[in-house]
Amino acid sequence: MVLGFILINVLNLCTMPFRSGRDGSLVTTAGLSSVATPPPMDPFKVASNGLDVIYQQAKQSQQPISVTVFSPIKYELQYPSMASVTQDTSDWSLDYRAGVFSAFGGRVVESLLKSFEDPVLSKWVITALALSLVLNGYLFNAARWSIKEPSQEQAQTGASAQQSVSSHAKKPSANGHALPPSQPESEPEAPLPPGPDGVSRSREECEALVKEKKAPLLSDEELIDLTLRGKIPGYALEKTLEDKTRAVKVRRGVVSRTAGTSDITNKLEKSKLPYEHFDYDRVFGACCENVIGYMPLPLGVAGPLTIDGRSYFLPMATTEGVLVASISRGCKAINAGGGAVTVLTGDGMTRGPCIGFQTLARAAEAKIWLDSPEGQKVMKDAFNSTSRFARLQQMKTSIAGTYVYVRFKTTTGDAMGMNMISKGVEHALGVMSKEAGFEDMAIISVSGNFCIDKKPAAINWIDGRGKSVVAEAIIPAETVKNVLKSDVNALVELNTSKNFIGSAMAGSIGGFNAHAANMVTAMFLATGQDPAQNVESSNCITVMKK
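Computed from a prediction, not measured in an experiment: that's the story for all the values here. By convention here, each chain's residues receive numbers from 1 onward along its written sequence. Side-chain atom pairs in this predicted model are given and counted only at pLDDT of 80 or more, local residue features only at pLDDT of at least 70, and totals for whole chains, interfaces and linings cover all residues. Note that water and hydrogens are dropped before the side-chain values are worked out from all heavy atoms of the structure.

Looking at the packing of aromatic side chains
Here is step 1 of the chain: Any two rings among Phe, Tyr and Trp, with Trp reduced to its six-membered ring, count as a pair given centres within 6.5 Å; such a pair is stacked if its planes are under 30 degrees apart, edge-to-face if over 60, and tilted if neither. Taken as a whole, this structure holds seven aromatic pairs when the rule is applied.
Here is step 2 of the chain: Judged by centre distance (6.2 Å) and plane angle (75 degrees), the rings of phenylalanine 357 and phenylalanine 438 are edge-to-face. With phenylalanine 357 in the loop between β4 (354–356) and α13 (360–371) and phenylalanine 438 in the loop between α15 (418–435) and β7 (442–445), the pair connects residues that are 81 residues apart, well separated along the chain.
Here is step 3 of the chain: When accessible area is computed with a 1.4 Å probe and restricted to protein chains, residues below 20% of their type maximum are described as buried, those above 50% as exposed, and intermediate ones as partly exposed. On the basis of relative accessible area, phenylalanine 438 is assigned to the buried category, the value being 5%. Helix and strand assignments come from DSSP, with helices taken as H or I runs of at least 4 residues and strands as E runs of at least 2, each series counted from the N terminus.

What follows is the structure in structure tokens.
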């Protein structure tokens, strides 16, 4: 806009000598109608002004003058025909309306120049000019901030040019012959810090020490570099270093610097996740792999709770606020009525293998044999021979096409006993295959999800899995009011509408309770049990009556 304004003013100055024609007339405003509409002219006013001028001239000259006034004549400008146009013999006879400027848009320039004489348009032009100056000043500053220093640009340009030249220089010329595949250029090796003995080593020397079983002499940085390059397996750091705490520290560095995940895990190496002062001997090869630390979990106790005449504190590991406090309040209410009374109604851990046959007929024969007294005795003897504690109680079979599913239900003493059950099931199936005439059967899976563990299932809700217990507690109405801050009728209605009807509306399986899974999971974590088993272990129904 600034350049346009300056250009218009320059054109205004350059065209000043050409604004009057040969006849001395002023520059016409024929093109002004496109910019501003001229005010209408009063012919009578024009005539009156002319008579005043003639009268003054006659008065000064003291001569009589005769004036004849005609009616106003209306003139209309018509476009002249080509025949009436007189050709100009001069090369640069500059008539403003018919010369060079007219050919190059003189009328447009004329109208623009005249527009600046209008008082309204001139104010708008000045306002636009001021806004343009402010905007251009801001843009100039922004452009200046984004421009790099000349020296920096030259350095970068020189570096890129040098790199381009060197890369082109290294490319061999084919010269009409086939070339072997080019090897990718390896990145320059970054110097590694010295090891614990103060010696700086190359990568080759570090790899040689690892092969010589001297990895503990290397520094943590050297070990991280070797692991990232695959020279030391990440899972074998404990065995390689013979220092499990240091192995955990090095593994944290490896995880933090792994290129594929560093945008997410780059803070692990210096995170506040604890890893020191922990007995990793009890972890390595036992319950966790690729250890990077340990997670402290608050452990509280609820209660005590009186069960079958004996009081117990309930250990609970959780991060859910007020869970332990609310359980303690429930224990107080139960104790006020004399405590809880329990009955063990079932005790049997399950494993359900899947076996397959070529035809449906053979699968049906296997099911019939397993359900027969002979099959039950053979399988029980084979199973019980594998353990002093595991005892087979019963087998339940089901068939689906050519697949037969067998649900072994066993006692395992005080242990959960999944390992001993799996061992007994595998041995019993081997006896069935070799001694019962089913050599054509295939053991698809020792656990065929007919058990079923860690997943909601109606069979666990109906037949049970593990120990099945029924507990009873009588809570006095006064205790309901003072401790639980409610009344008996309200609690009974709540249990019916929520735990019964609400759970039924949701299609729940074994979930006719308030939040049994909260308590079971917290106790599993506190006692080192598998928290995933909470899925079937928290199946229960809460019944209330007045």
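Examining unusual backbone geometry
Here is step 1 of the chain: With omega at 10 degrees, the peptide bond leading from glycine 303 into proline 304 counts as cis.
Here is step 2 of the chain: Residue position: proline 304 is located in strand β1 (residues 299–307).
Here is step 3 of the chain: Backbone torsion omega between cysteine 451 and isoleucine 452 reads -5 degrees, so that peptide bond is classified as cis.
Here is step 4 of the chain: Note on placement: isoleucine 452 falls in the loop between β7 and α16 (458–463).
Here is step 5 of the chain: The backbone of asparagine 449 shows a phi angle near 65 degrees, a positive value even though the residue is not glycine.

Details of the side chain of arginine 465
Here is step 1 of the chain: If you trace the backbone, arginine 465 turns up in the loop between α16 and β8 (466–473).
Here is step 2 of the chain: Residue arginine 465 is classed as buried on the basis of its relative accessible area, which comes to 9%.
Here is step 3 of the chain: For arginine 465, the side chain forms a polar contact with the side chain of glutamine 533, separated by 3.4 Å.
Here is step 4 of the chain: Those residues in contact with arginine 465, other than ones at most four positions away along the chain, are Gly348, Met349, Thr350, Arg407, Met416, Met418, Cys451, Ile452, Asp453, Asn460, Gln533 and Glu536. Pairing of N or O atoms within 3.5 Å defines a polar contact, subject to two protein rules: one partner must be a possible hydrogen donor and the other a possible acceptor, and residues neighboring in sequence count only if both atoms are side-chain atoms. Contact criterion: two residues are considered in contact whenever any of their non-hydrogen atoms come within 4.5 Å of each other.

A look at helix α7 (residues 203–211)
Here is step 1 of the chain: When α7 is considered as a whole, its buried residues turn out to be Cys206, Leu209 and Val210. Projected down its long axis, α7 carries its buried residues within an arc of 100 degrees, all on one side. Of the residues in α7, the exposed ones pointing more than 90 degrees away from the buried face are Glu204 and Lys211.
Here is step 2 of the chain: Contacts made by the buried residues of α7 are with α8 (220–228).
Here is step 3 of the chain: Positive phi appears at lysine 213, one or two residues downstream of α7, with a value of about 60 degrees. The reported arc concerns the directions from the helix axis to the C-beta atoms and nothing else.

Remarks on the pattern of salt bridges
Here is step 1 of the chain: Put simply, a salt bridge is a Lys or Arg side-chain nitrogen that is within 4 Å of an Asp or Glu carboxyl oxygen. As enumerated under the stated definition, the model contains 20 salt bridges in all.
Here is step 2 of the chain: For arginine 251, the salt bridge goes to glutamate 238, with nearest N and O atoms at 2.7 Å. Of this pair, arginine 251 sits in helix α10 (residues 244–257) while glutamate 238 sits in helix α9 (residues 237–241), and the two are 13 residues apart along the sequence. Just as arginine 251 is buried, glutamate 238 falls in that class too.
Here is step 3 of the chain: Each of Arg203, Glu207, Asp225 and Arg229 takes part in salt bridges that share partners, so that together they form one network.

Concerning the packing of α7 against α8
Here is step 1 of the chain: The N-to-C vectors of α7 and α8 enclose an angle of 85 degrees; their axes lie 11 Å apart at closest approach. The pairing of α7 with α8 is recorded here as roughly perpendicular in orientation. Contacts between α7 and α8 pair Arg203, Cys206, Glu207 and Val210 from the former with Glu222, Asp225 and Leu226 from the latter.
Here is step 2 of the chain: Each residue gets one of three labels, nonpolar for Ala, Val, Leu, Ile, Met, Phe, Trp, Tyr, Cys and Pro, charged for Asp, Glu, Lys and Arg, and polar for the others, Gly among them. In terms of residue class, the contact of α7 with α8 is made up of three nonpolar, no polar and four charged. Here an axis means a line fitted to C-alpha atoms, over the contact stretch when the element is a helix, while the angle between two N-to-C directions is reported on a 0 to 180 degree scale. These descriptions rest on fixed angle ranges, namely under 35 degrees for roughly parallel, over 145 for roughly antiparallel, 65 to 115 for roughly perpendicular, and the rest for oblique.

Considering the environment of glutamate 435
Here is step 1 of the chain: Mapped onto the elements, glutamate 435 comes out in helix α15.
Here is step 2 of the chain: On the basis of relative accessibility, which here comes to 66%, the residue glutamate 435 falls in the exposed class.

A word on the pairing of strand β5 (residues 391–400)
Here is step 1 of the chain: Pairing analysis gives nine bridges linking β5 to strand β6 (residues 403–411), with the strands arranged antiparallel. Within β6, the position partnered with isoleucine 399 by the bridge is valine 404.
Here is step 2 of the chain: Pairing between two strands requires that DSSP report at least two bridges joining them. Adjacent in sequence and paired antiparallel, β5 and β6 are bridged by two residues, among which glycine 401 carries a positive phi angle near 70 degrees.

A closer look at the pairing of β1
Here is step 1 of the chain: Examined bridge by bridge, β1 and strand β2 (residues 310–317) share seven bridges and lie antiparallel to one another. Across the sheet, residue alanine 302 finds its bridge partner in β2, namely leucine 314.
Here is step 2 of the chain: Here β1 folds back onto β2, and the loop between the two strands holds two residues, one of which, aspartate 308, carries a positive phi near 55 degrees.

Let's talk about the environment of phenylalanine 512
Here is step 1 of the chain: With respect to the element layout, phenylalanine 512 can be found in strand β9 (residues 511–512).
Here is step 2 of the chain: Each C-alpha atom, one on phenylalanine 512 and one on isoleucine 501, is 8.7 Å from the other, the two residues being 11 residues apart in sequence.
Here is step 3 of the chain: Filtering out sequence-adjacent residues up to four positions away, phenylalanine 512 remains in contact with Trp461, Asn499, Phe500, Ser503, Ala504, Cys540, Ile541 and Thr542.

Brief notes about the nonpolar core
Here is step 1 of the chain: If you look at the biggest cluster of nonpolar residues, it comprises 25 residues, and the most contacted ones within it are Phe357, Leu370, Met379, Phe408 and Met432.
Here is step 2 of the chain: Residue assignment for this core shows that the elements contributing at least two residues are α13, α14 (373–384), β5, β6 and α15.
Here is step 3 of the chain: No other element matches the seven residues that α15 contributes to this core.
Here is step 4 of the chain: When residues no more than four places from it in sequence are discounted, the contact partners of methionine 432 are Ile355, Ala366, Trp369, Leu370, Met379, Gly437, Phe438 and Met441.
Here is step 5 of the chain: If you look at the next biggest cluster of nonpolar residues, it comprises 14 residues, including Val210, Leu223, Ile224 and Leu241. Here, nonpolar core means buried Ala, Val, Leu, Ile, Met, Phe, Trp, Tyr and Cys residues that are tied together by side-chain atoms lying within 4.5 Å of each other.

Looking at the packing of α8 against α10
Here is step 1 of the chain: Where α8 contacts α10, the axes come no closer than 9 Å and their chain directions differ by 55 degrees. Here α8 is positioned oblique relative to α10, judged by the angle of their axes. Crossing of α8 against α10: the hand is right-handed. Together, Asp220, Glu221, Leu223, Ile224, Thr227 and Leu228 of α8 and Arg246, Lys249, Val250, Gly253, Val254 and Arg257 of α10 make up the contact between the two elements.
Here is step 2 of the chain: By residue class, the composition of the contact of α8 with α10 is five nonpolar, two polar and five charged. By definition, any crossing whose near helix is turned counterclockwise from its far helix by less than a right angle is left-handed, and any crossing with a clockwise turn is right-handed.

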